[in-house]
Amino acid sequence: MVRLLFILSALTFIFQSDLLSLQFDEFDTILYLETSDESKRIVYGDANGRVHILEGKNGQFQEIWLSEYLEGAICGLYLKDINNDGLTEIIVFTEQGRIHYIDVKDHRVIWSNPPGEYEHFNGHTVINIDEDKQPEIIICADGYLVVYDGRDQYEQWRSEQNNLAAKDILVADVDGDGSREIVLSDGYVFDAHFFDLEWQSPKPFGDTIDLIDLDGDGIAELIGQFQGRYIRVFDVDLRREKSIAQ
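Residues numbered from 1 in each chain as written. Predicted model: local features only at pLDDT ≥ 70, side-chain atom pairs only at ≥ 80, totals over all residues. Heavy atoms only, no water.

**Student:** How should I be thinking about the side chain of Asp-46 in this particular structure?
**Tutor:** Within the secondary structure, Asp-46 sits in the loop between strand E2 (40-45) and strand E3 (51-57). Owing to a relative accessible area of 8%, Asp-46 belongs among the buried residues under this scheme. Ignoring sequence-local partners within four residues, the contact set of Asp-46 consists of His-52, Ala-73 and Ile-74. (Helix = DSSP H or I, 4+ residues; strand = E, 2+ residues; numbered from the N terminus. Buried < 20%, exposed > 50% of the residue type's maximum accessible area, 1.4 Å probe, protein only. Contact = heavy atoms within 4.5 Å.)

Pasting the structure below:
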């Protein structure tokens, strides 16, 4: 109860500061949900395995929905049309290897992956990496990199490597070859189309990763951050760590 009051107080401050849609990009388990009326809604997942929806009106938030227990601490939330039905779903990941789709309008759980399919998730993202219209689910699950079909709900591909532990995953052209790669924060780079391993760095990239073109050569450097403080910079096209002074 104290935790909920703290969250409501913090969200009320953000609401009153008109910063709502700007504050949540850095959080894996909290989303801003646009509505057709003038209300503002927040979706967040907690460590106790439940998803909450809060509605804000007149500067105050109230909880309007609470999920059933979803079998594991919530470790990721996304808003996507995951099954190409023209409607947006809330995609929920739990640390214990469960994936759930929740209907945005009536809050039904419309699909869940089978219990026991995976035991643990680390990093995850939801993005379209092929020629179809719907996004794929990309997860680091039980030591493997897995590409999961979001519409038909089956495992399209898994890596040969079984010791992967990426906390963060991004998909982008990181080496300037015109094709996108799947980059894992623990130092692996896979081709996003054929899934070949392009590079295994001798060092992990970071706990969290992002891209910035630091030297203006048109190819973004991979930036890794550890423990919210320490930075490493990599030239993926040259397969090396980069000195920031270079």
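**Student:** How should I be thinking about the packing of aromatic side chains in this particular structure?
**Tutor:** Working definition: an aromatic ring pair is given by the centre-to-centre distance plus the angle between the planes. Counted under the stated rule, the structure contains 12 aromatic pairs. Both rings, one in Tyr-118 and one in Phe-121, keep their centres 5.6 Å apart while their planes meet at 50°; by these two values the pair is tilted. Taken together, the aromatic side chains of Tyr-78, Phe-93, Tyr-101, Trp-111, Tyr-118, Phe-121 and Tyr-148 make up a single cluster linked through ring pairs. Just above the ring of Tyr-144 sits the side chain of Arg-158; from NZ or CZ to the centre is 4.5 Å. (Phe/Tyr/Trp six-rings, centres within 6.5 Å; stacked < 30°, edge-to-face > 60°. Lys NZ or Arg CZ within 6 Å of the ring centre and 35° of its normal.)

**Student:** What exactly am I supposed to notice about the sheet that holds strand E19 (residues 230-235) here?
**Tutor:** The strands making up a sheet are joined through hydrogen bonds of the backbone, oriented either antiparallel or parallel. Spatial strand order, E17-E18-E19-E20: 4 strands in an open sheet with antiparallel pairing. The two strands at the open ends of the sheet, each matched to only one other strand, are strand E17 (208-212) and strand E20 (240-241). (Pairing = 2+ DSSP bridges.)

**Student:** How should unusual backbone geometry be read in this particular structure?
**Tutor:** Both trends apply: most residues other than glycine have a negative phi, and most peptide bonds are in trans. The backbone of Glu-71 shows a phi angle near 65°, a positive value even though the residue is not glycine. Within the fold, Glu-71 resides in the loop between strand E4 (60-66) and strand E5 (74-80). The phi dihedral of His-107 is positive, around 65°, even though this residue is not glycine. Among the secondary structure elements, His-107 is positioned in the loop between strand E7 (99-103) and strand E8 (109-112).

**Student:** What's the story with the environment of His-193 in this structure? I'm lost.
**Tutor:** Within the secondary structure, His-193 sits in the loop between strand E15 (188-191) and strand E16 (197-200). Take His-193: its relative accessible area is 41%, and that puts it in the partly exposed class. As a C-alpha pair, His-193 and Asp-130 span 63 residues in sequence and 6.8 Å in three-dimensional space.

**Student:** How should the sheet that holds E2 be read in this particular structure?
**Tutor:** Taken in spatial order, the 4 strands of this open sheet run E1-E2-E3-E4, and their pairing is antiparallel. Whereas interior strands pair on both sides, the edge strands pair on one side only; in this sheet they are strand E1 (30-33) and E4. Ignoring strand direction, the axes of neighbouring strands in this sheet form an average angle of 25°. Judged from the 6 bridges that link them, E2 and E3 form a sheet pairing that is antiparallel. Bridging from a neighbouring strand, Tyr-44 pairs with His-52 of E3. (Axes fitted to C-alpha atoms, helices over the stretch in contact; angles between N-to-C directions.)

None of this, on its own, says anything about what the molecule does.
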